[in-house]
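Read off the chains here:
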Amino acid sequence: MTAGDNKLWKVGVIITAVNVLRTPRIIQTERGDVTILGPITAEEVLRHDLDEGLSAFRPPKEQQKALAEIAALPEGQVIVAIHDARIIGYVTFHRPEEFERWAHNQVPGMLELGAIETSKQWRGMHISSHLLEVAFSGGALDAYIIIATEYYWHWDLKGTGLSVWEYQKFLESLFNRVGLRRVGTDEPDILAHPANMLMARVGPLVPQDTVLLFEESLYQNRWMF
Ligand SMILES: CC(C)(COP(=O)(O)OP(=O)(O)OC[C@H]1O[C@@H](n2cnc3c(N)ncnc32)[C@H](O)[C@@H]1OP(=O)(O)O)[C@@H](O)C(=O)NCCC(=O)NCCS
């Protein structure tokens, strides 16, 4: 199966779609045209420098390596915003980590929205909104349960000047636009701070068995209540 193959295929009861290429989108901003495209390969990630304003998680050079690693993972996806051959924004998807309760061998058919970032110089120009819209376009993620584990310690509170609650509200409404909704869970890292949140979107092509496994995975410490 190659990138761009948009057929759905069936393995047992798991239906999955592998790295469906999205139709690229060109958007006009006050700083010039930006192309949103992907998923791109690890080699393509390494061919485009990351803008210096992409430093929310780690320095741009290191982040570029991290993006290339995600692009090379099974079912890893990196959608990028490009201006003048430089990456100025990205959103990533990958299988949940092996140690998580949503690991591939626990609940197959899940992808985690790992990170979304817009370069500091490009924020507020709807780059991330377009990244998400392109990522979810054409039903490309409809065979997956997409989760986003949002921990306030990853948020750029300093850079935006927002309070933790304002940031939570703005992220929640950003993700709501593509159908992710806040869901309850007893996952300890989410419970560690009331601003943390788990968001999820169950794609319309996800088999019922997978939905049940996901629902069961949300609360694993019922004995506590
Ligand atoms: C979160 C982030 C990706 C948003 O990127 P962006 O390209 O600036 O977002 P957009 O321009 O698409 O804005 C989306 C909406 O949020 C609003 N918004 C954006 N920045 C905002 C801010 N600082 N305060 C309040 N609202 C804001 C926009 O007005 C827009 O709403 P609108 O369409 O009603 O006008 C960016 O702030 C970022 O990179 N932050 C650091 C990394 C991070 O926190 N990632 C999220 C956790 S993984």
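Residues numbered from 1 in each chain as written. Predicted model: local features only at pLDDT ≥ 70, side-chain atom pairs only at ≥ 80, totals over all residues.

### Concerning the overall build of the protein
- Of the regular secondary structure elements, the protein holds seven helices and ten strands.
- At 17 Å, the protein has a C-alpha radius of gyration in line with the 17 Å of a compact globule built from 225 residues.
- If you line up the protein on its principal axes, its C-alpha atoms span 55 × 45 × 30 Å.
- Across the 225 residues in the protein, those meeting the buried criterion constitute 35%. (Helix = DSSP H or I, 4+ residues; strand = E, 2+ residues; numbered from the N terminus. Rg over C-alpha atoms; globule rule 2.2 N^0.38 Å. Buried ≥ 20, exposed ≤ 12 C-beta atoms within 10 Å, placed from the backbone.)

### Regarding helix 3 (residues 127–136)
- Of all ten residues making up helix 3, eight are buried, and the element is well covered by its neighbours.
- Of the surrounding secondary structure, the elements contacted by the buried residues of helix 3 are strand 3 (25–29), strand 4 (32–37), strand 5 (77–83), strand 6 (86–94), strand 7 (110–118) and helix 5 (164–176).
- Count one or two residues on from helix 3 and you reach Gly138, which has phi positive near 60°. (Contact = placed C-beta atoms within 7 Å.)

### Points about the sheet that holds strand 3
- Ordered in space as 3-4-5-6-7-8-10-9, the eight strands form an open sheet in which the pairing is mixed. Strand pairing shows two members of the sheet lacking a second neighbour, strand 3 and strand 9 (181–183), which therefore form its edges. Averaged over all pairs of adjacent strands, the angle between their axes in this sheet comes to 30°, without regard to strand direction.
- Bridge count between strand 4 and strand 5: three bridges; the pairing is antiparallel. (Pairing = 2+ DSSP bridges. Axes fitted to C-alpha atoms, helices over the stretch in contact; angles between N-to-C directions.)

### Section: the UniProt feature "domain: N-acetyltransferase" (unreviewed entry) in the protein
- The UniProt entry lists residues 40–204 under the feature "domain: N-acetyltransferase" (unreviewed entry), expressed in the numbering used here.
- Secondary structure across residues 40–204 comprises 30% helix and 24% strand; the distance between its end C-alpha atoms is 25 Å. (UniProt positions renumbered as here; feature names shortened; annotations may be inferred.)

### Points about the site of the ligand
- Lining the immediate environment of the ligand, one finds 20 residues, of which Thr118, Arg123, Ile127, Ser128 and Ser129 sit closest.
- Of all the secondary-structure elements, those providing two or more residues to the shell around the ligand are strand 7, helix 3 and helix 5.
- With four residues, the single largest contributor to the shell around the ligand is strand 7. (Near = placed C-beta within 6 Å.)

### Regarding the environment of Arg123
- Considering the arrangement of structural elements, one finds Arg123 in the loop between strand 7 and helix 3.
- Note on Arg123: 16 C-beta atoms within 10 Å, which makes it partly exposed.
- Put simply, Arg123 and Val183 are 60 residues apart on the chain and 27 Å apart in space, counted from C-alpha to C-alpha.

### A look at the environment of Glu97
- Checked against the element boundaries, Glu97 lands in the loop between strand 6 and strand 7.
- Considered as a pair, Glu97 and Leu111 are 14 residues apart in the sequence and their alpha carbons are 9.8 Å apart.

### Re the pairing of strand 6
- Most of strand 6 sits out of view: seven of its nine residues are buried.
- Pairing analysis gives seven bridges linking strand 5 to strand 6, with the strands arranged antiparallel. Residue pairing across strands places Ala81 opposite Gly89, the latter belonging to strand 6.
- Linking strand 5 to strand 6, which pair antiparallel, is a turn of two residues; within it Asp84 sits at a positive phi near 55°.
- Across six bridges, strand 6 lies against strand 7 in antiparallel orientation. Paired with Thr92 across the bridge in strand 7 is Ala115.

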